[in-house]
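Working through the structure, step by step
What follows is each chain in one-letter form.
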Amino acid sequence: MSTERTLVLVKPDGVKRHLVGEILSRIETKGYDVVELKMLTPTRQILEQHYAEHEGKPFYEPLVEFMMSGPVVAAVLEGNRVIEGFRSLAGTTEPTAAAPGTIRGDLGRDWGLKVQQNLVHGSDSSESAEREMGIWFGA
Ligand code: RTP
Ligand code: MG
């Protein structure tokens, strides 16, 4: 067993489309524990920390603006290899390319260039998970 924690966000498109329950249901059905959960409209400051690795990329500013556009749900999940496991549940970044059976593949819409509207975020490594859990939930 390799019990891990990961930071998951349901992005503003997921909240607006009333998919919070569906997404949490998929997480729980898979067997992961939701150990922290809250809803908030993120500030620019929190998003600049969260997306620091993408600063300077062409999609950075639209992504930050989109993430500030409404409430998000932030959660910490716990489970065996949950970092990789949640990213597998979420599917690849672009909803059009994401496999059927995944959150993005089943529920994500084809928004053309608006790749930021892909319903969820999940930490991509144990280092990212630690950093992001600190940003959204504190030490
Ligand atoms: P995430 O961090 O949200 O779990 O998704 P990811 O690892 O699959 O994607 P990442 O490369 O970390 O990018 C973070 C978010 O930025 C938006 N994005 N837009 N070319 C684009 O317009 C573009 N590329 C990435 C997406 O919302 C992605 O989730
Ligand atoms: Mg990422």
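Not measured: the values here are computed from a predicted model.

This part is about the sheet that holds strand 2 (residues 33-40). Strand order in the open sheet formed by four strands is 2-3-1-4, and the pairing between neighbours is antiparallel. The sheet is open, and its two borders are formed by strand 2 and strand 4 (120-122), each paired with just one other strand. Neighbouring strand axes in the sheet, compared pairwise and without regard to direction, differ in orientation by 20° on average. On the sheet, helix 5 (residues 82-90) packs against strand 1 (3-10), strand 3 (72-80) and strand 4 and is oriented at approximately 35° with respect to strand 1.

Moving on to the UniProt feature "active site" (unreviewed entry) in the protein chain. Within the UniProt annotation, "active site" (unreviewed entry) is assigned to H121. Setting aside its immediate chain neighbours within four residues, H121 contacts L7, V8, L9, K11, H50, F86, R104 and E132.

Looking only at helix 5, the buried set comprises V82, I83, G85, F86, L89 and A90. Taken end-on, helix 5 shows its buried residues confined to a sector of 165°, consistent with a single buried face. Structural note: helix 5 exposes E84 and S88 on the side pointing more than 90 degrees away from its buried face. Buried residues in helix 5 make contact with strand 1, helix 2 (20-30), strand 3, helix 6 (103-107), strand 4 and helix 7 (126-137). At the exit of helix 5 stands G91, carrying a positive phi of roughly 90°.

In this model, the largest pocket occupies a volume close to 540 Å³. The wall of the largest pocket is formed by 24 residues, among which K11, H54, T93, R104 and N118 lie closest to the centre. Elements represented by at least two residues in the lining of the largest pocket include exactly helix 5 and strand 4. For the lining of the largest pocket, the residue count by class is eight nonpolar, 10 polar and six charged.

Near ligand 1 there are 13 residues, and of these K11, T93, Q116, N118 and H121 occur at the shortest range. H54 places a side-chain nitrogen or oxygen 3.1 Å from an oxygen atom of ligand 1. One of the backbone nitrogen or oxygen atoms of Q116 is found 3.4 Å away from an oxygen atom of ligand 1. Contact with the protein chains hides 78% of the accessible area of ligand 1, taken as 560 Å² for the molecule alone. With respect to the pocket detection grid, ligand 1 is positioned in the largest pocket.

Mapped onto the present numbering, the UniProt feature "binding site: ATP" (unreviewed entry) falls on K11, F59, R87, T93, R104 and N118. Lining the largest pocket, from this annotated set, are K11, F59, R87, T93, R104 and N118. Take K11: it is sitting in the loop between strand 1 and helix 1 (12-16). Residue class for K11 comes out buried when judged on its relative accessible area of 5%. Beyond its immediate chain neighbours, meaning those up to four positions away, K11 contacts Y51, L63, F66, M67, V72, Q116, N118, L119, V120 and H121. By the secondary structure assignment, R104 is in helix 6. Overall, the relative accessible area of 10% leaves R104 in the buried class. Not counting the four nearest positions on each side in its chain, R104 is found in contact with A90, G91, T92, T93, P95, A98, N118, V120 and H121.

Basis of the calculations
Residues numbered from 1 in each chain as written. Chains lettered and ligands numbered in written order. Predicted model: local features only at pLDDT ≥ 70, side-chain atom pairs only at ≥ 80, totals over all residues. Heavy atoms only, no water. Pairing = 2+ DSSP bridges. Helix = DSSP H or I, 4+ residues; strand = E, 2+ residues; numbered from the N terminus. Axes fitted to C-alpha atoms, helices over the stretch in contact; angles between N-to-C directions. Contact = heavy atoms within 4.5 Å. UniProt positions renumbered as here; feature names shortened; annotations may be inferred. Buried < 20%, exposed > 50% of the residue type's maximum accessible area, 1.4 Å probe, protein only. Arc of directions from axis to C-beta. 1 Å grid on protein atoms, 1.4 Å probe; cavity = no way out; pocket = protein on both sides within 12 Å on 5 of 7 lines; lining within 4 Å. Points joined across faces, edges and corners; volume = space filled by probe spheres on them. Nonpolar A, V, L, I, M, F, W, Y, C, P; charged D, E, K, R; others polar. Near = heavy atom within 4 Å. Polar contact = N/O pair within 3.5 Å; in protein donor to acceptor, adjacent residues only side chain to side chain. Areas by Shrake-Rupley, 256 points an atom, 1.4 Å probe, with all protein chains shown as cover. Sits in = over half its atoms within 2 Å of the grid points.

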